[in-house]
Structure formats: structure tokens, C-alpha cells
Amino acid sequence: MAHSHSCCNHQHPPDYVPEHNKEASEAYDHFLISAEPLSLEAACSLVKSDAAGAVSSFEGTTRNTFNGKRVLRLEYEAYEPMAKKEWYGIVQEARSKYHLLSTVMHHRVGEVPVGKTSVIIAASSAHRADAINAVHFMIDSLKVRLPIWKKELLDDGSAMWKQNEHIDISVHK
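The structure presented is a predicted model; accordingly, all values stated were derived computationally and were not measured.

Within the structure shown, the criterion is met by nine salt bridges. In this structure, the salt-bridge partner of Asp156 is Lys69, at a minimum N-O distance of 3.5 Å. Of this pair, Asp156 sits in the loop between strand S10 (148-154) and strand S11 (159-162) while Lys69 sits in strand S6 (residues 69-78); the two residues are 87 residues apart in sequence, bridging distant segments of the chain. Taking relative accessible area as the criterion, Asp156 reaches 46% and is therefore assigned partly exposed. The shortest N-O distance in the salt bridge between Glu75 and Lys151 comes to 3.8 Å. With Glu75 in strand S6 and Lys151 in strand S10, this residue pair connects regions lying 76 residues apart in the sequence. Because the salt bridges share partners, they merge into one network encompassing Arg73, Glu75, Glu111 and Lys151.

Once that is clear, we can look at the confidence of the model for the chain. Across the chain, the average pLDDT comes to 85, with 83% of residues at 70 or higher. Across residues 1-25 the pLDDT falls below 50, and counting only partners more than four positions away or on other chains, this stretch makes 53 contacts in the model.

This part takes up the pairing of strand S7 (residues 102-108). The element S7 is extensively covered by neighbouring structure, given that seven of its seven residues are classed as buried. Inspection of the sheet shows strand S3 (residues 28-34) paired to S7 by seven bridges, in the parallel sense. Bridging from a neighbouring strand, Ser34 pairs with Arg108 of S7. Bridging between S7 and strand S9 (residues 117-125) involves six bridges; their strand directions are antiparallel. Each residue of the ladder has a partner; that of His106, found in S9, is Ile120.

On the surface, a cluster of nonpolar side chains totalling about 470 Å² of accessible area is made up of Tyr79, Met82, Trp149 and Trp161. Checked against the element boundaries, Trp161 lands in strand S11. According to the relative accessible area criterion, Trp161 is partly exposed, its value standing at 46%.

What counts and how
Throughout, residues of each chain are indexed from 1 in the direction in which the sequence is written. This being a predicted model, a pLDDT of at least 70 is required before a residue's local features are given, and a value of 80 or more before pairs of side-chain atoms are given or counted; all residues contribute to the totals for chains, interfaces and linings. Working from all heavy atoms in the structure, the side-chain values ignore hydrogens and water. What makes a salt bridge here is a side-chain nitrogen of Lys or Arg within 4 Å of a carboxyl oxygen of Asp or Glu, nothing more. Helix and strand definitions follow DSSP, with helices as H or I runs of at least four residues and strands as E runs of at least two, each counted in order from the N terminus. Here's how the labels work: a residue is buried when its accessible area is under 20% of the maximum for its type, exposed when over 50%, partly exposed in between, all with a 1.4 Å probe on protein chains only. A score from 0 to 100, pLDDT tells how confident the predictor is in each residue. Residues count as neighbours in contact if any of their non-hydrogen atoms are within 4.5 Å of one another. Here, a strand pair is defined by DSSP locating no fewer than two bridges between the strands. Nonpolar side chains (Val, Leu, Ile, Met, Phe, Trp, Tyr) are joined into patches within 5 Å and like charges within 9 Å, using only residues with over 30% relative accessible area and no salt bridge. Residue exposure ignores everything except the shown protein chains as possible cover, and the areas themselves are Shrake-Rupley values with a 1.4 Å probe.

Okay, structure coming up:
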């Protein structure tokens, strides 16, 4: 599956890494949906800058059990154009709540084996509270709003499409 990197509504090749402006006035928001393995280190490098005093991240991985049953793998599907549009809406909301420099959302599609990363959220800010709170807000918002679907495949041969549990986004101030 092909994937693209984008920021500020510009398209970049898959290996693009931005040269960060050393001034806090340059925001950078990176969105990626990919069938390829994700890297927390690479994602965090996209939000680091000399203006950032904090980088916070969340890495979601495939666990090996669910409700006492052994999980073999997860499979994800996404409607990328709508996911991208919704993500940038979430980023704008996060920017209205927190003082952010840069953000990243990377999500896998296709098969994600046990122990492998399915989603990464990262944010940078001048101070830690903004980055930490923004990452929490963005992962909760992603789970509620993005058209990304997860199927759990279990060792008993069963498979089920998972719905996200209800998340109260209003708790994020």
C-alpha cells in the first residue's frame, strides 16, 4: 500500500524529514497512514526542535490477549482522505487548547502482529504539560473520530471487528 507524508498541506516523499525552523512560530503537523512498520524514534524526530522543551508521545501496540483469549494479530482498515481531514481538525482543536509546536499521527493499516506498533501520537511544546495533555487529547479524539477500523484475530479461529469504547472527550480542558 502506498503512503504519503504531508504537512501544512504539502505532499512529501516517504523518506522526507523536515528541517525545523528554530523559532516557535513555525508549526509542523505530520500525518501518515502506512502498511509499513512504524518507528517511535522517527515520529518523535519529526516534532523535535530547538524551541521545544518537551516532546511527549503515545505508542499503541498489539497485545497478546483480550478477554482471556490469545490474540494472533490485529488488522486495520482506514478511509485515508477522511482520516486525514479529521486528524487536522483534531490538531486544530488541540492547538486551541494547548501551546503546541508540532504534532505527529502515524497509524498502521493491514496486519499488525503482537508486540508491534499500530499507532503513534507525538507532540512538542515549550513546556511539558501542554505536550502531555495534547497527546492524551489527540489519542482519545483519534479513537472517537477517525475512520480507522480494527479487527482482532484470535487463536480459536474467531475474528471480530472492534468498536472503540465510549470516550468522554469533554474531560480534556
